[in-house]
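Letter by letter, the chains look like this.
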Amino acid sequence: MGRLFGTDGARGIANADLNCELAMNIGRAAAYVLIEKTTEKPKFLIGKDTRMSSGMLEMALAAGLCSVGADVVLAGFIPTPAVAYLVGHTGCDAGIMISASHNPCEYNGIKIFDGNGYKLPDRLEEEIESLVLDDSSCITYPTGGEVGNVFSRGDYLDDYINHLVGCVDTDLKGLRIAIDCANGCASYTAEKLFTALGADVHMLHNRPNGININQNCGSTHMEDLIDYVNGNQVDLGLAFDGDSDRCLAVDQNGKLIDGDKLIAIFATYLREHNRLKDNTAVITVMTNLGFKLFAKENDIQVIETKVGDRYVLEEMIKHGYNIGGEQSGHIIFKDFATTGDGQLSGAMLAKIIVDSQSDAAALSSVMTVLPQTMINVEASPELKALLKTDRDILAAIKQASEELGNTGRILVRASGTEPLIRVMLEGTDIHQIKRLAKSVAAVIKGKAV
(Lines give C-alpha, C1' and ligand atoms only; values in the text may rest on other atoms or scores of the structure.)
Protein backbone atom coordinates (compact mmCIF):
# COMPACT_ATOMS: atom_id res chain seq x y z
CA MET A 1 0.00 0.00 0.00
CA GLY A 2 2.96 2.35 0.44
CA ARG A 3 2.23 4.94 3.10
CA LEU A 4 -0.69 3.64 5.17
CA PHE A 5 -2.63 6.78 5.93
CA GLY A 6 -3.85 9.17 3.25
CA THR A 7 -6.18 12.14 3.64
CA ASP A 8 -8.96 9.86 4.92
CA GLY A 9 -7.39 6.94 6.77
CA ALA A 10 -5.80 3.75 5.44
CA ARG A 11 -7.43 2.50 2.26
CA GLY A 12 -6.94 -0.14 -0.42
CA ILE A 13 -8.37 -3.23 -2.11
CA ALA A 14 -9.77 -5.38 0.69
CA ASN A 15 -8.02 -8.73 1.19
CA ALA A 16 -5.23 -7.61 -1.13
CA ASP A 17 -3.72 -4.25 -0.20
CA LEU A 18 -5.75 -4.08 3.01
CA ASN A 19 -5.75 -7.64 4.33
CA CYS A 20 -6.52 -9.18 7.72
CA GLU A 21 -2.91 -9.18 8.87
CA LEU A 22 -2.54 -5.48 8.13
CA ALA A 23 -5.84 -4.65 9.81
CA MET A 24 -4.83 -6.64 12.88
CA ASN A 25 -1.48 -4.84 13.02
CA ILE A 26 -3.14 -1.45 12.67
CA GLY A 27 -5.43 -2.39 15.56
CA ARG A 28 -2.49 -3.42 17.72
CA ALA A 29 -0.51 -0.30 16.89
CA ALA A 30 -3.47 2.03 17.42
CA ALA A 31 -4.23 0.49 20.80
CA TYR A 32 -0.58 0.63 21.85
CA VAL A 33 -0.26 4.31 20.94
CA LEU A 34 -3.49 5.21 22.72
CA ILE A 35 -2.76 3.02 25.76
CA GLU A 36 0.17 5.34 26.36
CA LYS A 37 -2.34 8.21 26.70
CA THR A 38 -4.54 6.61 29.37
CA THR A 39 -4.08 5.02 32.78
CA GLU A 40 -7.07 2.71 32.42
CA LYS A 41 -7.88 -0.13 30.06
CA PRO A 42 -8.78 1.63 26.80
CA LYS A 43 -12.05 1.01 24.99
CA PHE A 44 -12.48 1.24 21.21
CA LEU A 45 -15.79 1.65 19.38
CA ILE A 46 -15.84 0.00 15.94
CA GLY A 47 -18.37 0.76 13.23
CA LYS A 48 -18.51 -0.55 9.66
CA ASP A 49 -20.15 0.11 6.32
CA THR A 50 -22.04 -2.42 4.22
CA ARG A 51 -19.18 -3.84 2.12
CA MET A 52 -18.75 -7.61 2.08
CA SER A 53 -15.23 -7.21 3.47
CA SER A 54 -16.20 -5.00 6.42
CA GLY A 55 -17.02 -7.91 8.72
CA MET A 56 -13.70 -9.59 7.95
CA LEU A 57 -11.73 -6.45 8.75
CA GLU A 58 -13.88 -5.80 11.83
CA MET A 59 -12.86 -9.15 13.31
CA ALA A 60 -9.19 -8.60 12.46
CA LEU A 61 -9.15 -5.15 14.00
CA ALA A 62 -10.93 -6.37 17.12
CA ALA A 63 -8.41 -9.20 17.51
CA GLY A 64 -5.49 -6.81 17.18
CA LEU A 65 -6.96 -4.39 19.70
CA CYS A 66 -7.76 -7.08 22.25
CA SER A 67 -4.32 -8.67 21.87
CA VAL A 68 -2.69 -5.63 23.45
CA GLY A 69 -5.28 -5.15 26.17
CA ALA A 70 -7.97 -2.90 24.70
CA ASP A 71 -11.70 -3.61 24.99
CA VAL A 72 -13.82 -3.38 21.86
CA VAL A 73 -17.45 -2.35 21.41
CA LEU A 74 -18.96 -3.39 18.07
CA ALA A 75 -21.57 -0.91 16.84
CA GLY A 76 -22.38 -2.76 13.60
CA PHE A 77 -23.51 -0.99 10.41
CA ILE A 78 -23.36 2.67 11.25
CA PRO A 79 -22.36 5.92 9.49
CA THR A 80 -18.87 7.34 9.93
CA PRO A 81 -20.14 10.54 11.60
CA ALA A 82 -22.11 8.37 14.02
CA VAL A 83 -18.87 6.75 15.18
CA ALA A 84 -17.32 10.21 15.61
CA TYR A 85 -20.30 11.36 17.69
CA LEU A 86 -20.66 8.18 19.75
CA VAL A 87 -17.00 7.98 20.80
CA GLY A 88 -17.43 11.04 22.99
CA HIS A 89 -21.05 10.29 23.86
CA THR A 90 -20.24 6.81 25.21
CA GLY A 91 -16.94 7.63 26.89
CA CYS A 92 -14.81 5.44 24.64
CA ASP A 93 -11.14 6.28 24.24
CA ALA A 94 -11.17 6.02 20.45
CA GLY A 95 -13.31 5.00 17.52
CA ILE A 96 -12.59 3.13 14.30
CA MET A 97 -14.73 3.19 11.16
CA ILE A 98 -14.28 0.47 8.55
CA SER A 99 -15.20 2.08 5.25
CA ALA A 100 -13.86 3.22 1.90
CA SER A 101 -16.49 5.94 1.78
CA HIS A 102 -17.52 6.61 -1.85
CA ASN A 103 -15.24 3.99 -3.43
CA PRO A 104 -16.48 0.75 -5.08
CA CYS A 105 -17.17 -2.32 -2.95
CA GLU A 106 -13.80 -4.00 -3.56
CA TYR A 107 -12.09 -1.19 -1.64
CA ASN A 108 -12.19 -0.74 2.09
CA GLY A 109 -10.54 1.49 4.64
CA ILE A 110 -9.81 2.18 8.30
CA LYS A 111 -10.49 5.59 9.81
CA ILE A 112 -9.48 6.26 13.42
CA PHE A 113 -11.02 8.88 15.72
CA ASP A 114 -9.71 10.07 19.06
CA GLY A 115 -11.73 10.20 22.28
CA ASN A 116 -13.27 13.54 21.29
CA GLY A 117 -14.51 12.30 17.93
CA TYR A 118 -11.83 13.95 15.79
CA LYS A 119 -9.76 12.18 13.16
CA LEU A 120 -6.27 11.49 14.45
CA PRO A 121 -3.68 14.19 13.73
CA ASP A 122 -0.83 13.35 11.37
CA ARG A 123 1.56 12.93 14.30
CA LEU A 124 -0.41 10.06 15.86
CA GLU A 125 -1.07 8.43 12.49
CA GLU A 126 2.68 8.50 11.85
CA GLU A 127 3.31 6.81 15.22
CA ILE A 128 0.85 4.05 14.32
CA GLU A 129 2.29 3.72 10.84
CA SER A 130 5.82 3.42 12.18
CA LEU A 131 4.80 0.56 14.47
CA VAL A 132 3.05 -1.25 11.61
CA LEU A 133 5.66 -0.78 8.90
CA ASP A 134 8.97 -0.37 10.74
CA ASP A 135 9.35 -1.81 14.23
CA SER A 136 6.69 -3.21 16.55
CA SER A 137 9.11 -4.90 18.96
CA CYS A 138 8.12 -2.46 21.71
CA ILE A 139 4.55 -3.82 21.78
CA THR A 140 3.89 -6.22 24.66
CA TYR A 141 1.09 -8.77 24.81
CA PRO A 142 -0.86 -9.23 28.06
CA THR A 143 -2.34 -12.50 29.26
CA GLY A 144 -5.17 -13.60 31.52
CA GLY A 145 -7.58 -10.90 32.58
CA GLU A 146 -5.48 -8.18 30.94
CA VAL A 147 -6.45 -9.33 27.45
CA GLY A 148 -9.17 -7.19 25.88
CA ASN A 149 -12.79 -8.27 25.50
CA VAL A 150 -15.39 -7.73 22.76
CA PHE A 151 -18.90 -6.42 23.35
CA SER A 152 -21.79 -5.62 21.00
CA ARG A 153 -24.33 -2.84 21.27
CA GLY A 154 -27.46 -2.57 19.14
CA ASP A 155 -28.95 0.73 20.31
CA TYR A 156 -26.30 3.14 19.08
CA LEU A 157 -28.19 3.96 15.88
CA ASP A 158 -31.08 5.37 17.90
CA ASP A 159 -28.71 7.48 20.00
CA TYR A 160 -27.23 8.96 16.83
CA ILE A 161 -30.60 9.60 15.18
CA ASN A 162 -31.91 11.31 18.32
CA HIS A 163 -28.80 13.50 18.33
CA LEU A 164 -29.45 14.65 14.75
CA VAL A 165 -33.13 15.30 15.44
CA GLY A 166 -32.07 17.56 18.30
CA CYS A 167 -29.57 19.41 16.09
CA VAL A 168 -32.16 20.19 13.41
CA ASP A 169 -35.03 20.98 15.80
CA THR A 170 -37.52 21.71 13.00
CA ASP A 171 -40.76 20.06 11.91
CA LEU A 172 -40.40 19.04 8.25
CA LYS A 173 -44.08 18.09 7.93
CA GLY A 174 -45.31 18.51 4.37
CA LEU A 175 -41.83 18.34 2.84
CA ARG A 176 -41.42 15.51 0.32
CA ILE A 177 -37.85 14.25 0.17
CA ALA A 178 -36.31 11.59 -2.09
CA ILE A 179 -33.31 9.96 -0.41
CA ASP A 180 -30.58 7.91 -2.11
CA CYS A 181 -28.70 5.90 0.53
CA ALA A 182 -26.02 4.52 -1.86
CA ASN A 183 -26.83 1.04 -0.45
CA GLY A 184 -24.62 2.07 2.43
CA CYS A 185 -24.87 3.02 6.08
CA ALA A 186 -27.64 5.56 5.58
CA SER A 187 -29.87 2.60 4.67
CA TYR A 188 -30.10 1.98 8.43
CA THR A 189 -30.67 5.57 9.55
CA ALA A 190 -31.97 7.99 6.91
CA GLU A 191 -35.60 6.85 6.75
CA LYS A 192 -35.88 6.85 10.56
CA LEU A 193 -34.24 10.26 10.83
CA PHE A 194 -36.27 12.13 8.23
CA THR A 195 -39.49 10.42 9.26
CA ALA A 196 -38.84 11.45 12.86
CA LEU A 197 -38.42 15.02 11.61
CA GLY A 198 -41.84 14.81 9.95
CA ALA A 199 -40.86 14.58 6.28
CA ASP A 200 -42.59 12.42 3.66
CA VAL A 201 -39.69 10.24 2.52
CA HIS A 202 -39.17 8.39 -0.76
CA MET A 203 -36.32 5.89 -0.39
CA LEU A 204 -33.88 4.83 -3.13
CA HIS A 205 -30.95 2.40 -3.03
CA ASN A 206 -31.47 1.40 0.60
CA ARG A 207 -31.11 -2.38 0.18
CA PRO A 208 -27.42 -3.19 0.75
CA ASN A 209 -26.26 -6.70 -0.15
CA GLY A 210 -22.50 -6.38 0.44
CA ILE A 211 -21.52 -5.62 -3.15
CA ASN A 212 -23.88 -2.87 -4.32
CA ILE A 213 -22.56 -0.04 -2.14
CA ASN A 214 -22.04 3.09 -4.32
CA GLN A 215 -22.88 1.01 -7.40
CA ASN A 216 -24.43 3.51 -9.84
CA CYS A 217 -26.04 5.30 -6.93
CA GLY A 218 -25.35 7.73 -4.12
CA SER A 219 -23.50 11.04 -4.20
CA THR A 220 -21.03 9.90 -6.88
CA HIS A 221 -23.78 8.75 -9.26
CA MET A 222 -26.63 11.25 -9.13
CA GLU A 223 -28.48 10.11 -12.24
CA ASP A 224 -31.08 7.89 -10.55
CA LEU A 225 -31.96 10.53 -7.97
CA ILE A 226 -32.26 13.23 -10.63
CA ASP A 227 -34.52 10.96 -12.72
CA TYR A 228 -36.67 10.21 -9.67
CA VAL A 229 -37.07 13.87 -8.76
CA ASN A 230 -37.93 14.72 -12.37
CA GLY A 231 -40.55 11.95 -12.49
CA ASN A 232 -42.17 12.53 -9.12
CA GLN A 233 -43.51 15.50 -7.22
CA VAL A 234 -40.91 15.89 -4.50
CA ASP A 235 -39.46 19.05 -2.99
CA LEU A 236 -35.91 17.86 -2.53
CA GLY A 237 -33.55 15.03 -3.35
CA LEU A 238 -30.67 14.00 -1.08
CA ALA A 239 -27.85 11.60 -1.92
CA PHE A 240 -25.31 10.18 0.51
CA ASP A 241 -22.20 8.10 -0.06
CA GLY A 242 -21.40 4.66 1.35
CA ASP A 243 -20.52 5.79 4.87
CA SER A 244 -22.83 8.82 4.83
CA ASP A 245 -20.25 11.51 5.51
CA ARG A 246 -21.10 13.21 2.20
CA CYS A 247 -24.29 14.75 0.91
CA LEU A 248 -25.26 16.20 -2.46
CA ALA A 249 -28.75 17.47 -3.26
CA VAL A 250 -31.17 17.91 -6.13
CA ASP A 251 -33.68 20.75 -6.23
CA GLN A 252 -37.37 20.31 -7.07
CA ASN A 253 -36.57 20.83 -10.77
CA GLY A 254 -33.98 18.06 -10.89
CA LYS A 255 -30.96 20.37 -10.83
CA LEU A 256 -27.84 19.33 -8.92
CA ILE A 257 -26.84 21.23 -5.78
CA ASP A 258 -23.20 20.32 -5.13
CA GLY A 259 -21.16 20.80 -1.97
CA ASP A 260 -20.02 24.30 -2.92
CA LYS A 261 -23.60 25.48 -3.32
CA LEU A 262 -24.63 23.77 -0.09
CA ILE A 263 -21.89 25.58 1.83
CA ALA A 264 -23.02 28.85 0.24
CA ILE A 265 -26.61 28.18 1.34
CA PHE A 266 -25.53 27.28 4.87
CA ALA A 267 -23.18 30.25 5.20
CA THR A 268 -25.91 32.61 4.01
CA TYR A 269 -28.41 31.18 6.48
CA LEU A 270 -25.98 31.36 9.39
CA ARG A 271 -25.03 34.92 8.50
CA GLU A 272 -28.67 36.00 8.29
CA HIS A 273 -29.17 34.60 11.81
CA ASN A 274 -25.94 36.16 13.19
CA ARG A 275 -24.44 32.72 13.72
CA LEU A 276 -21.65 32.67 11.10
CA LYS A 277 -18.51 32.71 13.22
CA ASP A 278 -16.23 35.59 12.20
CA ASN A 279 -18.31 35.85 9.02
CA THR A 280 -16.08 33.12 7.53
CA ALA A 281 -16.45 29.88 5.56
CA VAL A 282 -13.63 27.35 5.13
CA ILE A 283 -13.21 25.70 1.72
CA THR A 284 -10.51 23.81 -0.23
CA VAL A 285 -8.46 24.52 -3.32
CA MET A 286 -10.96 22.41 -5.31
CA THR A 287 -13.87 24.72 -4.50
CA ASN A 288 -15.41 26.34 -7.56
CA LEU A 289 -14.37 29.93 -8.28
CA GLY A 290 -18.05 30.81 -8.23
CA PHE A 291 -18.00 30.37 -4.46
CA LYS A 292 -15.37 33.07 -4.08
CA LEU A 293 -17.46 35.41 -6.22
CA PHE A 294 -20.50 34.63 -4.06
CA ALA A 295 -18.51 35.26 -0.89
CA LYS A 296 -17.14 38.57 -2.20
CA GLU A 297 -20.62 39.77 -3.17
CA ASN A 298 -21.95 38.87 0.29
CA ASP A 299 -19.00 40.14 2.36
CA ILE A 300 -18.17 36.64 3.59
CA GLN A 301 -14.53 35.84 4.26
CA VAL A 302 -13.02 32.69 2.72
CA ILE A 303 -10.26 30.50 4.15
CA GLU A 304 -8.79 27.97 1.69
CA THR A 305 -7.09 24.68 2.67
CA LYS A 306 -5.63 21.60 1.04
CA VAL A 307 -8.10 18.99 -0.23
CA GLY A 308 -9.45 16.78 2.56
CA ASP A 309 -12.09 17.41 5.17
CA ARG A 310 -9.49 16.83 7.89
CA TYR A 311 -7.63 19.95 6.74
CA VAL A 312 -10.85 21.94 6.61
CA LEU A 313 -11.62 20.84 10.15
CA GLU A 314 -8.12 21.68 11.40
CA GLU A 315 -8.57 25.24 10.20
CA MET A 316 -12.03 25.44 11.74
CA ILE A 317 -10.77 24.22 15.09
CA LYS A 318 -7.78 26.54 15.01
CA HIS A 319 -9.90 29.67 14.62
CA GLY A 320 -13.33 28.56 15.83
CA TYR A 321 -15.07 28.77 12.44
CA ASN A 322 -18.37 26.88 12.30
CA ILE A 323 -19.03 26.04 8.62
CA GLY A 324 -16.73 24.53 6.04
CA GLY A 325 -16.38 21.71 3.58
CA GLU A 326 -15.72 20.42 0.10
CA GLN A 327 -17.37 20.38 -3.30
CA SER A 328 -17.76 16.60 -2.95
CA GLY A 329 -20.29 17.09 -0.15
CA HIS A 330 -18.11 16.73 2.94
CA ILE A 331 -19.61 19.54 5.01
CA ILE A 332 -18.79 20.23 8.65
CA PHE A 333 -21.19 21.97 11.01
CA LYS A 334 -18.71 22.58 13.80
CA ASP A 335 -21.49 23.62 16.21
CA PHE A 336 -22.90 20.09 16.04
CA ALA A 337 -20.29 17.66 14.69
CA THR A 338 -16.58 16.83 14.66
CA THR A 339 -16.53 15.56 11.09
CA GLY A 340 -18.51 15.75 7.85
CA ASP A 341 -22.04 14.37 8.27
CA GLY A 342 -24.14 13.85 5.14
CA GLN A 343 -27.42 13.29 6.91
CA LEU A 344 -26.93 16.34 9.13
CA SER A 345 -26.22 18.41 6.00
CA GLY A 346 -29.31 17.09 4.23
CA ALA A 347 -31.51 17.68 7.25
CA MET A 348 -30.14 21.21 7.67
CA LEU A 349 -30.94 21.99 4.03
CA ALA A 350 -34.50 20.76 4.59
CA LYS A 351 -34.69 22.90 7.75
CA ILE A 352 -33.64 26.01 5.81
CA ILE A 353 -36.28 25.33 3.14
CA VAL A 354 -38.95 25.19 5.85
CA ASP A 355 -37.63 28.08 7.96
CA SER A 356 -37.21 30.41 5.00
CA GLN A 357 -40.50 29.36 3.37
CA SER A 358 -38.54 29.02 0.15
CA ASP A 359 -37.55 26.12 -2.10
CA ALA A 360 -34.31 24.38 -2.98
CA ALA A 361 -33.97 26.00 -6.41
CA ALA A 362 -34.35 29.52 -5.01
CA LEU A 363 -31.87 28.84 -2.21
CA SER A 364 -29.22 27.42 -4.54
CA SER A 365 -29.40 30.47 -6.82
CA VAL A 366 -27.32 32.32 -4.24
CA MET A 367 -24.23 31.04 -6.07
CA THR A 368 -23.40 30.67 -9.77
CA VAL A 369 -21.10 27.77 -10.63
CA LEU A 370 -18.40 28.54 -13.18
CA PRO A 371 -17.78 25.86 -15.84
CA GLN A 372 -15.44 23.18 -14.52
CA THR A 373 -13.95 20.03 -15.97
CA MET A 374 -11.83 17.31 -14.42
CA ILE A 375 -9.93 14.36 -15.86
CA ASN A 376 -8.75 11.54 -13.59
CA VAL A 377 -5.49 9.92 -14.69
CA GLU A 378 -4.62 6.50 -13.25
CA ALA A 379 -1.36 6.93 -11.40
CA SER A 380 1.18 4.88 -9.48
CA PRO A 381 2.98 6.42 -6.50
CA GLU A 382 5.94 7.02 -8.80
CA LEU A 383 3.83 8.95 -11.30
CA LYS A 384 2.28 10.99 -8.49
CA ALA A 385 5.77 11.95 -7.33
CA LEU A 386 6.64 13.30 -10.80
CA LEU A 387 4.01 16.05 -10.47
CA LYS A 388 6.45 18.24 -8.54
CA THR A 389 9.59 17.48 -10.51
CA ASP A 390 8.95 16.54 -14.16
CA ARG A 391 9.73 19.45 -16.46
CA ASP A 392 7.30 18.43 -19.21
CA ILE A 393 4.39 18.14 -16.77
CA LEU A 394 5.24 21.43 -15.10
CA ALA A 395 5.57 23.14 -18.48
CA ALA A 396 2.19 21.84 -19.66
CA ILE A 397 0.53 23.10 -16.49
CA LYS A 398 2.22 26.49 -16.83
CA GLN A 399 1.17 26.82 -20.47
CA ALA A 400 -2.46 26.03 -19.64
CA SER A 401 -2.42 28.52 -16.79
CA GLU A 402 -1.03 31.27 -18.99
CA GLU A 403 -3.67 30.64 -21.66
CA LEU A 404 -6.45 30.86 -19.06
CA GLY A 405 -5.07 34.12 -17.67
CA ASN A 406 -7.38 35.83 -15.20
CA THR A 407 -10.51 34.10 -16.53
CA GLY A 408 -9.86 30.70 -14.99
CA ARG A 409 -7.44 28.38 -13.22
CA ILE A 410 -5.85 24.93 -13.39
CA LEU A 411 -5.24 22.61 -10.44
CA VAL A 412 -3.37 19.32 -10.82
CA ARG A 413 -3.11 17.17 -7.70
CA ALA A 414 -2.56 13.59 -6.62
CA SER A 415 -5.55 12.01 -4.89
CA GLY A 416 -4.96 11.14 -1.26
CA THR A 417 -7.48 8.27 -1.30
CA GLU A 418 -7.27 6.75 -4.81
CA PRO A 419 -4.52 5.84 -7.33
CA LEU A 420 -5.35 8.90 -9.42
CA ILE A 421 -4.02 12.27 -10.49
CA ARG A 422 -6.79 14.81 -10.90
CA VAL A 423 -6.53 17.47 -13.60
CA MET A 424 -9.11 20.18 -12.89
CA LEU A 425 -9.72 23.38 -14.82
CA GLU A 426 -12.24 26.18 -14.41
CA GLY A 427 -13.04 29.09 -16.67
CA THR A 428 -15.66 30.97 -18.58
CA ASP A 429 -15.19 28.96 -21.82
CA ILE A 430 -16.10 25.27 -21.36
CA HIS A 431 -14.56 24.28 -24.70
CA GLN A 432 -11.27 25.91 -23.80
CA ILE A 433 -10.95 24.27 -20.40
CA LYS A 434 -11.86 20.83 -21.78
CA ARG A 435 -9.20 21.17 -24.47
CA LEU A 436 -6.57 22.25 -21.99
CA ALA A 437 -7.49 19.50 -19.52
CA LYS A 438 -7.07 16.85 -22.21
CA SER A 439 -3.73 18.33 -23.23
CA VAL A 440 -2.29 18.34 -19.70
CA ALA A 441 -3.72 14.88 -18.92
CA ALA A 442 -2.09 13.49 -22.08
CA VAL A 443 1.33 14.75 -20.96
CA ILE A 444 0.88 13.12 -17.53
CA LYS A 445 -0.29 9.83 -19.07
CA GLY A 446 2.79 9.84 -21.29
CA LYS A 447 5.00 9.71 -18.21
CA ALA A 448 3.42 6.52 -16.84
CA VAL A 449 5.90 3.64 -16.60
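The structure reproduced in this document is the subject of the present report. (Residues numbered from 1 in each chain as written. Predicted model: local features only at pLDDT ≥ 70, side-chain atom pairs only at ≥ 80, totals over all residues. Heavy atoms only, no water.)

**Some words on the nonpolar core**
Judged by nonpolar contacts, the single largest core of 67 residues is most densely connected at Phe194, Phe266 and Ile323. Contacts of Phe266, omitting those with residues within four sequence positions, involve Ile323, Ile331, Phe333, Ser345, Met348, Leu349 and Ile352. (Core = buried A, V, L, I, M, F, W, Y, C linked by side-chain atoms within 4.5 Å. Buried < 20%, exposed > 50% of the residue type's maximum accessible area, 1.4 Å probe, protein only. Contact = heavy atoms within 4.5 Å.)

**Some words on helix H4 (residues 122–133)**
Residues separated by three or four positions in an α-helix point in the same direction, a consequence of the helix having 3.6 residues per turn. Relative to the 16 Å expected for 12 residues at 1.5 Å per residue, H4 spans 16 Å between its end C-alpha atoms, a close match to the ideal helical length. Every buried residue of H4 is listed here: Leu124, Glu125, Ile128, Glu129, Leu131 and Val132. For H4, the angular spread of buried residues about the axis comes to 160 degrees, placing them on one side. On its buried face, H4 is in contact with strand S1 (5–6), helix H1 (20–35), strand S6 (107–113) and helix H10 (309–319). (Helix = DSSP H or I, 4+ residues; strand = E, 2+ residues; numbered from the N terminus. Expected span 1.5 Å × (residues − 1). Arc of directions from axis to C-beta.)

**Structural notes on the environment of Asn25**
Within the element layout of this structure, Asn25 appears in helix H1. We classify Asn25 as partly exposed; its relative accessible area is 30%. The sequence separation of Asn25 and Ser401 amounts to 376 residues, and the corresponding C-alpha distance is 45 Å.

**As for helix H9 (residues 289–297)**
For H9, every residue scored as buried is listed here: Gly290, Phe291, Phe294 and Ala295. Projection of H9 onto a plane perpendicular to its axis shows the buried side chains occupying an angular sector of 140 degrees, all on one side. Exposed and oriented more than 90 degrees from the buried face of H9 are Lys296 and Glu297. For H9, the side-chain oxygen to backbone nitrogen distance between the N-cap and Gly290 is 2.7 Å, and the N-cap itself is Asn288. Following H9 by one or two positions, Asp299 has its phi on the positive side, about 55 degrees. (Polar contact = N/O pair within 3.5 Å; in protein donor to acceptor, adjacent residues only side chain to side chain.)

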